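# A closer look at the structure
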4 protein chains.
Amino acid sequence: MTSFTPGVENYRERTEQSFARQGALRLLGADLGRVAPGYCEIVLPYRADLTQQHGYFHAGITTTIADTAGGYAGYTLFPPDSEVVAVEFKVNLLSPAVGDRLIACAQVLRAGRNLTTTEVEVFAESADGTRKRCAKMLQTLARVAAPEGG
Amino acid sequence: MTSFTPGVENYRERTEQSFARQGALRLLGADLGRVAPGYCEIVLPYRADLTQQHGYFHAGITTTIADTAGGYAGYTLFPPDSEVVAVEFKVNLLSPAVGDRLIACAQVLRAGRNLTTTEVEVFAESADGTRKRCAKMLQTLARVAAPEGG
Amino acid sequence: MTSFTPGVENYRERTEQSFARQGALRLLGADLGRVAPGYCEIVLPYRADLTQQHGYFHAGITTTIADTAGGYAGYTLFPPDSEVVAVEFKVNLLSPAVGDRLIACAQVLRAGRNLTTTEVEVFAESADGTRKRCAKMLQTLARVAAPEGG
Amino acid sequence: MTSFTPGVENYRERTEQSFARQGALRLLGADLGRVAPGYCEIVLPYRADLTQQHGYFHAGITTTIADTAGGYAGYTLFPPDSEVVAVEFKVNLLSPAVGDRLIACAQVLRAGRNLTTTEVEVFAESADGTRKRCAKMLQTLARVAAPEGG
């Protein structure tokens, strides 16, 4: 595993502040988990209103937390006064997303000056702690200059 | 444009019934738009609780309606007693998803016996009707046997 | 279809010069086809040594001309002293690539200052001129400063 | 790492026989490396006629060996009288593919009855043995019935 240098000292705090501004994640009930340089987890407890027609987590919801985890994994490495935007991602849905909660675990694969690549695994976890990998994402991020005071 | 034969006569009704069972789409406030053989639209009005940290529609939310539109575009061609599941998809985020509503327009590219490929474009529409393409998806779907009475 | 402004006047000539330096395309026997602002075609005649185990064009070979066509479609829009590199791409293999030649037709979806998105369709063409779409690609390109004299 | 059960006893021999029928890989000069249940390596020594305009391995060539390695990683798990075809793949090009040889290392992520997902990493290796990861692929494979005697 490559070791990464954080882009700012208070990367955890910066991530929390950005996370708190995301209306969509509040709506879903997602929580920020572990954050480390080049790494981020997002946790999403099960709710019936997050499902598709078979009662599993909707693939779009799974993708929402994977995209968010990937974005923040990259963001931990960005210098001050920068923002992160996703350029593109690809998701393989490996097994039904059924469980008591989802955990998206994102890791930076390559950190560049303008472009950063991450990979994200999403696990469905049962109350007894057993985990099954249900999705895998490859994602490309861009670093953009932050708006003043952003 | 290829012309497609619907898999059941009442494909619109079957789509509506499946759509109504999707808790996640109700939570987001998405509506089913035009449905035709090999084609489906999903519409999503703007709400502040669908956004990311900059106030645009969250890329995961954009993906949720794109994935759903693509799934139902394929489903219109499926025979009775079958269900649709997404195998994988890839999304390019072309411009900020900012507008009064999003419209995901999905078209079947190739319909196979087991696997179907769709492409989906998502447009951000302003109150005055101007549209800007904000995302493009390529998606692979699988047809699975429906559970009894499903 | 959006209308694009070429990045240099002699974009065709610049494309030909770059194409001529690509050893891999010479090895495969690929030719540059139509080039227009935001558009490029690459043609590949059938040879037995371009195939996979069933005698069709190898998916990697199909991808090679798709990637090249996409790269040059974007490159037509780039200013002087810039080069094009592919950041990532995704290919759906829609039908067996069997025919007398392949034609990759690439179109810019979105042209940005640093990043450009293309979509590419590859058709397998028979001697009688019938075409079947065998692959579809979504591709992200980056513009980089050209090395001196490059 | 999950442990996989091979689909046939002589999976190595079956892979070699299929590999030997691939004209494109012979043209490129690729070799089959390590093969294990759910795993396959393809090695490609550098040649000037495998390059793009900057003298690196062409992204399409990198993709060709990644796609092949992924396909055979899945194939090791397939029962007798079956063939493997790639449905789709996505590649992130992480760094310039420059070195004395490329090595594509493919691992099955999920093995299903009809569909198998792999991930593939491609490394550029120098004569002194140092390796740099230059590409990452996610790939979907389908199992199809083999033609008689195939």
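Above this note sits the structure.
Calculation rules
- Residues numbered from 1 in each chain as written.
- Chains lettered and ligands numbered in written order.
- Predicted model: local features only at pLDDT ≥ 70, side-chain atom pairs only at ≥ 80, totals over all residues.
- Heavy atoms only, no water.
- Least-squares fit on C-alpha atoms with pLDDT ≥ 70 in both.
- Contact = heavy atoms within 4.5 Å.
- Salt bridge = Lys/Arg side-chain N within 4 Å of Asp/Glu carboxyl O.
- Helix = DSSP H or I, 4+ residues; strand = E, 2+ residues; numbered from the N terminus.
- Buried < 20%, exposed > 50% of the residue type's maximum accessible area, 1.4 Å probe, protein only.
- Buried area = accessible area lost by both parts, 1.4 Å probe.
- Polar contact = N/O pair within 3.5 Å; in protein donor to acceptor, adjacent residues only side chain to side chain.
- Nonpolar A, V, L, I, M, F, W, Y, C, P; charged D, E, K, R; others polar.
- Pairing = 2+ DSSP bridges.
- Expected span 1.5 Å × (residues − 1).

## Quick look at the relation of the copies chain D and chain C
- Note on the copies: chain D fits chain C at an RMSD of 0.0 Å, the axial shift is 0.0 Å, and the rotation between them is 180°. What the superposition gives is, in effect, a two-fold axis relating one chain to the other. Using C-alpha coordinates, one finds that chain D approaches the rotation axis most closely at D:K90, a distance of 2.0 Å.
- Taken as a fraction of all interface residues of chain D, those also at the interface in chain C reach 100%, which identifies the copy contact as same-surface.

## Regarding the pattern of salt bridges
- Counting across every chain of the model gives 40 salt bridges over all chains.
- We note a salt bridge from D:E119 to A:K136, for which the minimum N-O separation is 2.6 Å. Highlighted residues: D:E119 in strand β5 (residues 115-125) and A:K136 in strand β6 (residues 131-145), drawn from two different chains.
- On the basis of relative accessible area, A:K136 is assigned to the buried category, the value being 3%.
- The shortest N-O distance in the salt bridge between D:E121 and D:R133 comes to 2.8 Å.

## What to know about the interface of chain D and chain C
- With 36 residues of chain D at the interface, the matching set in chain C holds 36 residues.
- Together, the buried faces of chain D and chain C total about 2700 Å²; carbon and sulfur atoms form 55% of this surface.
- At the boundary of chain D with chain C, the tally comes to two salt bridges.
- Salt-bridge contacts for D:K90 lead to C:E88; the nearest nitrogen and oxygen are separated by 2.7 Å.
- Linking chain D to chain C there are 24 residue pairs in polar contact (both at pLDDT 80 or more).
- Per element, the largest residue contribution to the side of chain D that touches chain C is 11 residues, and it comes from strand β3 (residues 82-93) of chain D.
- A class-by-class count of the residues in the side of chain D that touches chain C yields 16 nonpolar, 13 polar and seven charged.
- Of the strand pairs in this sheet, strand β3 (residues 82-93) of chain C and β3(D) are connected by five bridges, and their pairing is antiparallel. Note on β3(D): the bridge partner recorded for C:N92 is D:E88.

## A short note on helix α3 (residues 59-75) of chain D
- Here α3(D) is 17 residues long and its end C-alpha atoms lie 24 Å apart, about the 24 Å a rise of 1.5 Å per residue gives.
- Counting buried residues in α3(D) gives 17 out of 17 residues, a clear majority hidden from the surface.

## Looking at the pairing of strand β4 (residues 101-111) of chain C
All names here are of chain C.
- The buried fraction of β4 is high, at eight of 11 residues.
- Taken together, the seven bridges between strand β2 (residues 39-45) and β4 define a ladder with antiparallel strand orientation. Within the sheet, the bridge partner assigned to P45 lies in β4 and is R101.
- Strand direction decides the pairing type here: β4 and strand β5 (residues 115-125), joined by 10 bridges, are antiparallel. Bridge pairing in β5 links R110 to T117.
- Following β4, the chain reverses through three residues before pairing antiparallel with β5.

## Some points on the interface of chain A and chain B
- Of the residues lining the interface, 35 residues belong to chain A; the matching set on chain B comes to 35 residues.
- For the pairing of chain A and chain B, the buried interface totals around 2700 Å² over both sides, and the portion due to carbon and sulfur atoms is 55%.
- Together, A:L27, A:Q53 and A:F89 form the three largest contributors to the area buried by chain A at its contact with chain B, with a combined 23%.
- One can count two salt bridges joining chain A with chain B.
- Along the contact surface separating chain A from chain B lie 24 residue pairs in polar contact (both at pLDDT 80 or more).
- Here the side of chain A that touches chain B gets 10 residues from one element, more than from any other, and that element is strand β3 (residues 82-93) of chain A.
- By residue class, the composition of the side of chain A that touches chain B is 15 nonpolar, 13 polar and seven charged.

Honestly, that's just the spatial picture; any functional story needs more than this.
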